[in-house]
Amino acid sequence: PMSDDYVTIEQRDNSPSVISRALWFIFIGWWASGIWLTVAWILNVTVVGAPLGIKMISKTPWVVSFKNRRIKTNFIDEGGGTVVQEKTGDKYPITVRGVYFILIGWWASGFWMLIAWLFSVTVIGLPVAIWMYNKLPLVVSLYRY
């Protein structure tokens, strides 16, 4: 039986089909991601460019293979109505993310991006590269994609 405070959590991924994503990666994603990541990292080492660089890094999974963020939807039944909440992932406070970026994220992301890109140009390393690209926003600024 359902109570008045029943909660349903639904996850959806709006990414294109695996075939479309694979074709994009084969013809464009592997080389475009190298350029994208280089520009993003150069922006990250400048005070003025860091916000754009961080934003670019958070979009890397899309540049590589059209991977969209997973959206979590919460439906909360509150007595007389239903509240719908959509979010993309748990986030740390901006102050924590900022301190992390300044101390660790900017340089760690450079190594992470290079290793991920090197894995991505090999067939055998591709699964590792995809996993690393999906974790890149977390490495640079504790942002969960």
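Residues numbered from 1 in each chain as written. Predicted model: local features only at pLDDT ≥ 70, side-chain atom pairs only at ≥ 80, totals over all residues. Heavy atoms only, no water.

Caption draft 1: Quick peek at the overall build of the chain. Scanning the chain for helices and strands turns up five helices and three strands. In the chain, the order of α-helices and β-strands from amino to carboxyl end is β-α-α-α-β-β-α-α. Residue burial in the chain is summarised as follows: out of 145 residues, 34% are buried. Counting contacts in the chain only where the partners sit at least 6 residues apart, residues at least 24 apart contribute 66% of the total. Here the chain displays about 9,000 Å² of accessible surface, and carbon together with sulfur accounts for 71% of that area. (Helix = DSSP H or I, 4+ residues; strand = E, 2+ residues; numbered from the N terminus. Buried < 20%, exposed > 50% of the residue type's maximum accessible area, 1.4 Å probe, protein only. Contact = heavy atoms within 4.5 Å. Areas by Shrake-Rupley, 256 points an atom, 1.4 Å probe, with all protein chains shown as cover.)

Caption draft 2: Structural detail: the environment of Val45. With respect to the helices and strands, Val45 occurs in the loop between helix H1 (18-44) and helix H2 (50-58). Measuring from C-alpha to C-alpha, the distance between Val45 and Gly110 comes to 10.0 Å, with 65 residues separating the pair along the chain.

Caption draft 3: Fine view of the nonpolar core. Grouped together as the largest cluster of nonpolar side chains are 15 residues, with contacts concentrated most on Leu37, Ile57, Met113, Tyr133 and Leu136. Sorting the residues of this core by element identifies H1, H2, helix H4 (94-120) and helix H5 (126-141) as the ones contributing at least two each. Aside from chain neighbours lying at most four places away, what touches Ile57 is Ala40, Asn44, Met113, Leu136, Pro137 and Val140. (Core = buried A, V, L, I, M, F, W, Y, C linked by side-chain atoms within 4.5 Å.)

Caption draft 4: Main features of the packing of H1 against H2. In the contact formed by H1 and H2, the axes pass within 7 Å of each other and the chain directions differ by 150°. The two elements H1 and H2 meet at a crossing, and its hand is left-handed. Between H1 and H2, the contacting residues are Trp36, Val39, Ala40, Leu43 and Asn44 on the first element and Ala50, Leu52, Gly53, Ile54, Met56 and Ile57 on the second. (Axes fitted to C-alpha atoms, helices over the stretch in contact; angles between N-to-C directions. Left-handed = near helix turned anticlockwise from the far one by under 90°.)

Caption draft 5: Focus on a nonpolar patch on the surface. Where nonpolar side chains cluster on the molecular surface, the patch consists of Val45, Val99, Ile102, Leu103, Ile104, Trp106, Trp107, Phe111, Ile115, Phe119 and Val128 and spans about 1,000 Å² of accessible area. In terms of residue count, the dominant contributor to the nonpolar patch is H4 (nine residues). Here Ile102 lies in helix H4. On the basis of relative accessibility, which here comes to 59%, the residue Ile102 falls in the exposed class. (Patch = residues over 30% accessible without salt bridge, like charges linked within 9 Å, V, L, I, M, F, W, Y side chains within 5 Å. Salt bridge = Lys/Arg side-chain N within 4 Å of Asp/Glu carboxyl O.)

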